[in-house]
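Reading the structure
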Amino acid sequence: MTKLSIHFIGTGSGAPSLTRGSPAIMIRREGVGLLFDCGEATQLAMRRQRLRFRKLEAIFISHMHGDHVLGLPGLIMTLNLNANPEGLAIYGPRGIGDYLECAFKATLFQPRFELKVVELEETPSPTPVHRGDDFNVYAVSSRHVVPSFAYALVEDDRPGEFNVEKALELGVPRGRLWGELQKGKSVEVDGRVVTPEQVLGPKRRGRRVVYSGDTRPCDTVLELGRGSDVFIHEATFTDDHLEEAQAGGHSTISEALDVIRKSGCKMGVITNIGQRTRPEDLEKLVLGGESIIVASDGLTLEVPLR
Ligand SMILES: [Zn+2]
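Just so it is clear, the model here is predicted, and its values are computed rather than measured. (Residues numbered from 1 in each chain as written. Predicted model: local features only at pLDDT ≥ 70, side-chain atom pairs only at ≥ 80, totals over all residues.)

**Focus on the domain arrangement of the protein**
The domains assigned to the protein are domain 1 (4-158 + 204-302) and domain 2 (164-199). In this structure, domain 1 and domain 2 have C-alpha centres spaced 43 Å apart. (Domains from an automatic or database assignment.)

Written out as C-alpha cells, the structure is:
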C-alpha cells in the first residue's frame with residue numbers, strides 16, 4: 001500500500017512569525033517528496049519537522065511573491081552541499097528562471113546536480129506538468145494579483161479488487177499468475193487466455209490532493225478541488241477584511257470554507273493564515289467536525305487509499 005502524507009511546513013502569510021512560518025507544504029509518497037511553495041526558512045522548518053531533503057523530486061511554486069519563493073535559493077544550495085540529489089525539477093510562473101539565475105549569479109553559485117526549471121504558461125484548464133512514477137501533478141491558473149497557479153497531485157487509478165474465487169474457478173493457480181493479472185496483464189492457463197477483466201473488479205480511483213496557492217475564490221480552483229481527498233485552500237484574511245482580500249487577490253476564511261464545501265472534497269484544510277488572524281478568530285469557527293481543519297506548522301495528514 002502506497003503511503004501518502006501531507007506535511008504543513010509553514011502555514012502563515014506575509015512575513016514569517018514565531019507561530020506560523022512562510023508557506024510551504026510537502027507531499028510525501030513512497031519516500032519521494034514534492035514541495036509546494038518555498039517561503040523563507042522553509043529548510044529550517046523542514047529540519048525541525050524531520051522531513052528529509054534527499055528524495056525531493058520536484059518543487060511547485062504557486063506565484064512569485066516573496067513569501068512563497070524566498071526560501072528557494074537557500075534550499076537549493078543546501079541540496080547541493082549534502083543531499084546529492086538525483087536531480088530536481090522546479091515549476092512556477094514566468095520569472096522563476098530569472099529569479100534563480102540572478103540569485104545563483106550574485107552568490108557565485110552553480111548547482112552540481114541537474115536542475116530543471118520549467119516556466120508555466122497560464123492555463124484555464126488543468127494541465128499535467130509533472131509525471132511521477134504513478135501520478136501526475138496538474139497546474140491551473142488561479143486568481144491572484146500576479147500570474148499564479150493552483151496544483152493537484154493525482155494518482156493513477158489502481159486496478160480493481162482481485163476476485164480470488166473467480167481466479168480459482170477459471171483454473172488460475174495461486175502464485176505468480178495472480179500477480180500478473182493484478183498488474184493488468186493477461187495470462188495463459190492450459191492453453192486458455194485469462195484476461196484481467198475476468199478477475200478484477202472496477203478500477204479504484206487514485207487519490208487527489210489539491211493546493212490553491214494565493215487566490216481569490218474562483219472556478220478554476222474550485223473545479224480542481226472538486227471531489228479531492230484533501231483540498232488545501234488559502235484563507236489569508238478574517239471576514240471583516242473582505243476589501244483587503246479583494247484588493248490583494250486573497251480569500252477570507254468564510255470564502256475559503258465556501259469553496260471547500262462546494263467542492264465535495266473529503267477533507268478541507270485552510271492555510272496561509274494572515275499574521276493578524278488571532279487564535280481566537282480560528283477557535284470560534286464552525287468548521288464541520290473533522291472534515292475541515294485549520295492547518296498549523298508541523299501538522300501531518302495521512303491520506304488513506306480510496
Ligand atoms: Zn501572493
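**Here we look at the sheet that holds strand E8 (residues 135-141)**
On the basis of which strands lie adjacent, the open sheet formed by 7 strands has the order E7-E8-E9-E12-E13-E14-E15 and mixed pairing. Edge positions in the sheet fall to strand E7 (127-131) and strand E15 (292-294), since each of these pairs with one other strand and no more. Direction aside, the axes of adjacent strands within the sheet are offset by 20° on average. Pairing of E7 with E8, which is carried by 4 bridges, proceeds in the antiparallel orientation. From the neighbouring strand, Pro-128 faces E8, where its bridge partner is Tyr-138. Set on the sheet, helix H10 (residues 253-263) makes contact with strand E13 (230-234), strand E14 (267-271) and E15; between it and E13 the angle comes to about 155°. (Pairing = 2+ DSSP bridges. Helix = DSSP H or I, 4+ residues; strand = E, 2+ residues; numbered from the N terminus. Axes fitted to C-alpha atoms, helices over the stretch in contact; angles between N-to-C directions. Contact = placed C-beta atoms within 7 Å.)

**Things to note about the UniProt feature "active site" (unreviewed entry) in the protein**
Residues annotated in UniProt with the feature "active site" (unreviewed entry) correspond here to Asp-67. Non-local contacts of Asp-67, meaning those with residues more than four positions away in its chain, are made with Ser-13, Gly-14, Ser-22, Pro-23 and Gly-39. (UniProt positions renumbered as here; feature names shortened; annotations may be inferred.)

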